[in-house]
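Structure at a glance
Here is what each chain is made of, one letter per residue.
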Amino acid sequence: MTVAETTFPLPNTAGLRIPAIGFGTWQVDRTAVAAAARAGYPAFDSATMYRTERAVTGGLADAGLAPTDRFLTTKIWRSDMTERGVRSAFHASTRNFGVDTIDLLLIHWPQAAASNLETWKTMEELLEAGRVRAIGVSNFDAAELDALAAGSDTVPAVNQIELHPLRQRKALVEESRQRGISVTAYSPLGQGGPVLRDPDLTAIADDLGVTTAQVSLRWLFQKEIVSIPRSSNPDRIRQNIDLDGFALDDEQMARIDALPKQGRN
Ligand SMILES: NC(=O)c1ccc[n+]([C@@H]2O[C@H](COP(=O)([O-])OP(=O)(O)OC[C@H]3O[C@@H](n4cnc5c(N)ncnc54)[C@H](OP(=O)(O)O)[C@@H]3O)[C@@H](O)[C@H]2O)c1
């Protein structure tokens, strides 16, 4: 099975699974989405705040696909975190995507506990009504997960957090997984910054004949962490999902696990 075909379980759902890799759509246009769709990305990560939901559906259409052919995620922005706001944002997202049901709906950023809970309760109702297949959170720490759990029996399916070889979030990954919450890594390439120039990653990439971006994404895949890389460059869009012709051995995995040296673990 290829990386693009691989899915990971979402334990807190009725058997739903999430593709191991998706395409990040912050600041991308319809052309990039179409390139990603043609390259075989099985999922697309959007958000009300990105204003890219229409570009997702448009790009999929350009590639000959319907929005229901791919796993679609969107997020509730902080200004919509009331019962009324969530309902209105959700309906706008379904209109933008051109779907009745959204695969995964996330709280984009935690706010005050009462606001998180009001938002979550409304998302639970959308889940119960079958309008979303799974609900989750983003940028939640362990205390915020606990506060949500204190007010609701519905455990998030996903916690989407910034995570890459130089920011590994080991404690939060463990805290999330102990609760049965699947972790998605956003900015998996460190937004194209120091991660891609890291000397250890570069050395591993050179040994394997691949790029540092591919090493970062393969490391996440082998840790069973979903990643959602973004690119607007057709070659890099294809490169970031071309992760099947090589694997990291135990020594290479351990070397990357030991990388963060900035106290940002
Ligand atoms: N939940 C949240 O709060 C949150 C926050 C941030 C991001 N996200 C999601 O996560 C997605 C990905 O994160 P991100 O957009 O922050 O950054 P990212 O995917 O870590 O990095 C994207 C940057 O890396 C460059 N790049 C991509 N592939 C490359 C490659 N193979 N070689 C060299 N450079 C490469 C891109 O430039 P080119 O376009 O020129 O290739 C772009 O500048 C977002 O698009 C969004 O969907 C979520």
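Residues numbered from 1 in each chain as written. Predicted model: local features only at pLDDT ≥ 70, side-chain atom pairs only at ≥ 80, totals over all residues. Heavy atoms only, no water.

1. Points about the nonpolar core
- One finds Phe23, Phe44 and Leu163 to be the most contacted residues of the largest nonpolar core, which totals 75 residues.
- Element by element, the count of residues in this core is highest for helix α8 (residues 212-222), at six residues. (Core = buried A, V, L, I, M, F, W, Y, C linked by side-chain atoms within 4.5 Å. Buried < 20%, exposed > 50% of the residue type's maximum accessible area, 1.4 Å probe, protein only. Helix = DSSP H or I, 4+ residues; strand = E, 2+ residues; numbered from the N terminus.)

2. Here's the deal with the pattern of salt bridges
- Counting across every chain of the model gives twelve salt bridges.
- Across the pair Asp45 and Lys75 runs a salt bridge whose closest N-O atoms are separated by 2.7 Å. Of the two residues, Asp45 sits in strand β4 (residues 43-45) while Lys75 sits in strand β5 (residues 71-76), which places them 30 residues apart along the sequence. Comparing Asp45 with Lys75 shows no difference in burial state: the two are buried.
- Between Glu162 and Arg167 there is a salt bridge, with its nearest N and O atoms 3.0 Å apart.
- Members of the salt-bridge network, linked through shared partners, are Glu83, Arg87 and Glu125. (Salt bridge = Lys/Arg side-chain N within 4 Å of Asp/Glu carboxyl O.)

3. As for the site of the ligand
- Around the ligand there are 29 residues in total, and Asp45, Arg230, Ser231, Arg236 and Gln239 lie nearest to it.
- Between the ligand and Asn139 there is a distance of 2.9 Å, counted from an oxygen atom to a side-chain nitrogen or oxygen.
- Relative to its unbound accessible area of 910 Å², the ligand is 85% covered by the protein chains.
- Taken atom by atom, the bulk of the ligand overlaps the largest pocket.
- A breakdown of the residues in the shell around the ligand according to their chemical character gives ten nonpolar, 15 polar and four charged. (Near = heavy atom within 4 Å. Polar contact = N/O pair within 3.5 Å; in protein donor to acceptor, adjacent residues only side chain to side chain. Areas by Shrake-Rupley, 256 points an atom, 1.4 Å probe, with all protein chains shown as cover. 1 Å grid on protein atoms, 1.4 Å probe; cavity = no way out; pocket = protein on both sides within 12 Å on 5 of 7 lines; lining within 4 Å. Sits in = over half its atoms within 2 Å of the grid points. Nonpolar A, V, L, I, M, F, W, Y, C, P; charged D, E, K, R; others polar.)

4. Re a negative patch on the surface
- Judged by side-chain charge, Asp206, Asp207, Asp249, Asp250 and Glu251 come together as a negatively charged surface patch.
- Going through the elements one at a time, α7 (199-208) and α10 (250-257) are the ones with two or more residues in the negative patch.
- Tracing the backbone through its elements, the reader meets Asp207 in helix α7.
- Classification of Asp207 as exposed rests on a relative accessible area of 63%. (Patch = residues over 30% accessible without salt bridge, like charges linked within 9 Å, V, L, I, M, F, W, Y side chains within 5 Å. Lys, Arg positive; Asp, Glu negative; His and termini not counted. Charge placed at Lys NZ, Arg CZ, Asp CG, Glu CD.)

5. Examining the sheet that holds β5
- The parallel open sheet is built from eight strands, whose spatial order is β3-β4-β5-β6-β7-β8-β9-β10. Looking at which strands have only one partner, the edges of the open sheet turn out to be β3 (23-24) and β10 (226-227).
- As judged from the four bridges shared by β5 and strand β6 (residues 102-107), these two strands associate in the parallel manner. For Ile76, the partnering residue across the bridge sits in β6 and is Ile107. (Pairing = 2+ DSSP bridges.)

None of the figures reported here should be taken as evidence of function without further support.
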